[in-house]
There are 2 protein chains.
Amino acid sequence: MAKPNLQIALDHSDLPSALKDVKNVGDIVDILEVGTILVLQEGDQAIKCVRAMYPEKTIVADTKCADAGTTVAGNVAKAGADWMTVICAATIPTMKAAAKEVKDLQVELYGEWTYDQAQEWLDAGIDQAIYHQSRDALFAGETWGEKDLTKVKKLIDMGFRVSVTGGLDVDTLKLFEGIPVYTFITGRGITAAENPAKAAQAFQDELIRLWGE
Amino acid sequence: MAKPNLQIALDHSDLPSALKDVKNVGDIVDILEVGTILVLQEGDQAIKCVRAMYPEKTIVADTKCADAGTTVAGNVAKAGADWMTVICAATIPTMKAAAKEVKDLQVELYGEWTYDQAQEWLDAGIDQAIYHQSRDALFAGETWGEKDLTKVKKLIDMGFRVSVTGGLDVDTLKLFEGIPVYTFITGRGITAAENPAKAAQAFQDELIRLWGE
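Residues numbered from 1 in each chain as written. Chains lettered and ligands numbered in written order. Predicted model: local features only at pLDDT ≥ 70, side-chain atom pairs only at ≥ 80, totals over all residues. Heavy atoms only, no water.

Within an unreviewed UniProt entry, the label attached to chain A reads 3-hexulose-6-phosphate synthase, and the organism entered is Floricoccus penangensis. As its UniProt record puts it under Sequence similarities (unreviewed entry), chain A is described as follows: "Belongs to the HPS/KGPDC family. HPS subfamily." UniProt annotates chain A under Catalytic activity (unreviewed entry) with the comment "D-ribulose 5-phosphate + formaldehyde = D-arabino-hex-3-ulose 6-phosphate". (UniProt positions renumbered as here; feature names shortened; annotations may be inferred.)

And the structure:
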């Protein structure tokens, strides 16, 4: 089973602290995400800076785009993003419009989406989905459980490359053992560690231990 | 019936062109929206500039927030926004968290929301909703029709203050005659006009003609 990617989410409220953190772990992780909070605060400048620092890495702009797919995706692509996220509530025309502008599009699953909708995304050529524990749901005491794993597996069986995110740490990864997750996304799981580079490497080591090289 | 508000959506990809347009019509309209495209491109700087130019106006940050409600809403409030939008797919904990940080919160209706969800938003104390024709749906040839008006009326009957947006022009307003719409939102309906100030005043005049002062 292929080693899942490790993605760092830069969900900072200002550019300097995001750049400090990405400098420490950017070479260790596989995918760099300019998070929603960061892009809303700093605009496309945040994407441009991360692209300039890491010309070879895959960069995701986590816009959670809901409308105006052509403009939003065109703008983030121009700033240097490879991938972009859309919210599951976006219409198919919005998703299709956005997909034309970026190398790959990811559907963010929040709230009450259905497998029928998911099939429509696949039919529209969009085969990346992001399965969340919402940060606010985590604050409200919810955790990863069997019902999450069942949904993740079902999406993978349907043909999605699935990213998983929300309150992940190195110890949580083994919950997903045996499931061909495409990418694990973490922010503070790495950036809030005493030694972020060591934390990022610990994630990668655990991914290799569980899924192989 | 109270005159609906007129809201200008600044959906520009760069700050200078947004500021040029808002300068022309900001005194005429009732509410200034820093649009999603603009805030993703320019960050909170866009909110700060509009606030500095219009200290007395109501300003909406159209973030379409889906997660991290406390941080996103706290950030836009700090930049000077009065109101913020959340996407309908956001969870109730996210909406409640965001609502604490701003003067008012608006739920953006995209995709397949339900009236049961809408009741949950009301129960959570959130009574503003934005009914859209998605820009991409408009590009795909969809237009305002009886099914839209029925949904808008139902939301108002439930207790929502409803904003209406998507491809509106002065001639479209009469479709809504007799419905106590809270706010009409337009971007290019004003900014793309040969004389934006005149276009904004024409909107206001038509609102007064149809709904009274």
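On we go.
**Details of the relation of the copies chain A and chain B**
Of the two same-sequence chains, chain A is brought onto chain B (RMSD 0.0 Å, axial shift 0.0 Å) by a rotation of 180°. The symmetry that links the two subunits is that of a two-fold axis. The position closest to the rotation axis in chain A is occupied by the C-alpha of glycine 43 of chain A, lying 2.0 Å away. Of the residues that chain A buries at the interface, 100% are likewise interface residues in chain B, meaning the two copies contact each other through the same surface. (Least-squares fit on C-alpha atoms with pLDDT ≥ 70 in both. Contact = heavy atoms within 4.5 Å.)

**Re the environment of valine 152 of chain B**
Residues and elements named next belong to chain B. Its location among the elements puts valine 152 in helix H8 (residues 146-158). Accessibility expressed as a relative area gives 0% for valine 152, which makes it buried. Residues valine 152 and alanine 129, spaced 23 residues apart in sequence, show a C-alpha to C-alpha distance of 9.4 Å. (Helix = DSSP H or I, 4+ residues; strand = E, 2+ residues; numbered from the N terminus. Buried < 20%, exposed > 50% of the residue type's maximum accessible area, 1.4 Å probe, protein only.)

**Things to note about the packing of aromatic side chains**
A full pass over the atoms with the stated rule returns nine aromatic pairs over all chains. Considering the side-chain rings of tryptophan 83 of chain A and tyrosine 182 of chain A, the 6.5 Å spacing of their centres and the 25° angle between planes classify their relative orientation as stacked. Of this pair, tryptophan 83 of chain A sits in strand S4 (residues 83-87) while tyrosine 182 of chain A is found in the loop between strand S7 (161-165) and strand S8 (183-186), placing the two residues 99 residues apart along the sequence. With relative accessibility at 10%, the residue tryptophan 83 of chain A sits in the buried group. Centroid distance tryptophan 113 of chain B to tyrosine 115 of chain B: 5.3 Å. Interplanar angle 85°. Geometry classified as edge-to-face. Above the ring of tyrosine 182 of chain A, the side-chain terminus of arginine 161 of chain A is found at 5.1 Å from the ring centroid. Seen from the ring of tyrosine 115 of chain B, lysine 154 of chain B lies directly overhead, with NZ or CZ sitting 4.4 Å from the centre. (Phe/Tyr/Trp six-rings, centres within 6.5 Å; stacked < 30°, edge-to-face > 60°. Lys NZ or Arg CZ within 6 Å of the ring centre and 35° of its normal.)

**Brief notes about the pairing of strand S3 (residues 58-65) of chain A**
Residue and element names in this part refer to chain A. Within S3, seven of the eight residues are buried, leaving the element largely enclosed by the surrounding structure. Sheet topology places strand S2 (residues 31-34) next to S3; four bridges connect them, and they run parallel. The residue of S3 that forms the bridge with valine 34 is alanine 61. The pairing of S3 with S4 spans three bridges and is classified as parallel. (Pairing = 2+ DSSP bridges.)

**Describing helix H3 (residues 44-53) of chain B**
For H3 of chain B, the full list of buried residues reads Asp44, Ala46, Ile47, Val50 and Arg51 of chain B. Down the axis of H3 of chain B, the smallest arc covering the buried residues is 150°, so these residues share one side. (Arc of directions from axis to C-beta.)

**Details of the interface of chain A and chain B**
Contacts between the two partners involve 32 residues from chain A, matched on the other side by 32 residues from chain B. Here chain A and chain B share an interface that buries about 2,900 Å² over both sides, 56% of which is from carbon and sulfur atoms. For the pair chain A and chain B, the number of links is 10 residue pairs in polar contact (both at pLDDT 80 or more). Only helix H2 (36-42), S3, helix H4 (69-79), helix H5 (92-99) and helix H7 (135-139) of chain A provide two or more residues apiece to the side of chain A that touches chain B. For the side of chain A that touches chain B, the residue count by class is 12 nonpolar, 13 polar and seven charged. (Buried area = accessible area lost by both parts, 1.4 Å probe. Polar contact = N/O pair within 3.5 Å; in protein donor to acceptor, adjacent residues only side chain to side chain. Nonpolar A, V, L, I, M, F, W, Y, C, P; charged D, E, K, R; others polar.)

**A short note on the nonpolar core**
Grouped together as the largest cluster of nonpolar side chains are 139 residues, with contacts concentrated most on Met84 and Trp121 of chain A together with Met84 and Trp121 of chain B. In this view, methionine 84 of chain A contacts Val60, Ala61, Thr63, Cys65, Val72, Ala73, Val76, Ala98, Val102, Asp104, Leu105 and Gln106 of chain A; residues no more than four positions away in its chain are not counted. (Core = buried A, V, L, I, M, F, W, Y, C linked by side-chain atoms within 4.5 Å.)

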